Amino acid sequence: QVQLVESGGGLVQAGGSLRLSCAASGSGFTINDMAWYRQAPGKQRELVASVTSGGRTNYPDSVKGRFTISRDNAKNTVYLQMNSLKPEDTAVYYCFADVTIWLLTSTLRREHWGQGTQVTVSS
């Protein structure tokens, strides 16, 4: 079983920075793509940043140039560095991992989510 544990959320003033971390634990798996999503009250969950196993990244225009996603494959950990934060960045941030689970004679592909961490940006 794979678990994702997030940390690093909190309260920050507009213009400030935060760094989120998400570590995957368990055994017998390989992580493919990883990503961060967020969900603000009354809104749908949206992609914030993604990174492939090879390190290719993708960002929506709303965070491009302010947020940076990175991963440490040896630690099965993904990070999100958030700079120049704005009040509209306030949301619960979720870690996502696309995982291949290695069984005795086959593999399973599963999507995993973290529990979410609150990020609040005050004006």
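Residues numbered from 1 in each chain as written. Predicted model: local features only at pLDDT ≥ 70, side-chain atom pairs only at ≥ 80, totals over all residues. Heavy atoms only, no water.

Asker: How should I be thinking about the side chain of Arg-66 in this particular structure?
Answerer: With respect to the helices and strands, the residue Arg-66 is situated in the loop between strand E6 (57–58) and strand E7 (67–72). A distance of 3.0 Å separates a polar atom in the side chain of Arg-66 from the backbone oxygen of Ser-84. Setting aside residues no more than four positions away along its own chain, Arg-66 makes contact with Gln-81, Met-82, Asn-83, Ser-84, Leu-85, Lys-86 and Asp-89. (Helix = DSSP H or I, 4+ residues; strand = E, 2+ residues; numbered from the N terminus. Polar contact = N/O pair within 3.5 Å; in protein donor to acceptor, adjacent residues only side chain to side chain. Contact = heavy atoms within 4.5 Å.)

Asker: What am I meant to see in the sheet that holds strand E8 (residues 77–82) here?
Answerer: Backbone-to-backbone hydrogen bonds join strands into a sheet, with any given pair of strands oriented parallel or antiparallel. On the basis of which strands lie adjacent, the open sheet formed by 4 strands has the order E1-E3-E8-E7 and antiparallel pairing. Edge positions in the open sheet fall to strand E1 (3–7) and E7, since each of these has one partner strand only. For this sheet the average axis-to-axis angle between neighbouring strands, irrespective of direction, equals 15°. With 6 bridges connecting them, E7 and E8 associate as antiparallel partners. Within E8, the residue paired with Ile-69 across the bridge is Leu-80. (Pairing = 2+ DSSP bridges. Axes fitted to C-alpha atoms, helices over the stretch in contact; angles between N-to-C directions.)

Asker: Which parts of the structure should I look at to understand the pairing of E8?
Answerer: For a regular strand, the rule is simple: side chains alternate between the two faces of the sheet. Burial within E8 is extensive, with 5 of its 6 residues counted as buried. By the bridge criterion, 6 bridges tie strand E3 (residues 18–25) to E8 in an arrangement that is antiparallel. Across the sheet, residue Leu-18 finds its bridge partner in E8, namely Met-82. Where E7 folds back onto E8 in an antiparallel hairpin, the turn is made up of 4 residues, including Asn-76, whose phi is positive at roughly 50°. (Buried < 20%, exposed > 50% of the residue type's maximum accessible area, 1.4 Å probe, protein only.)

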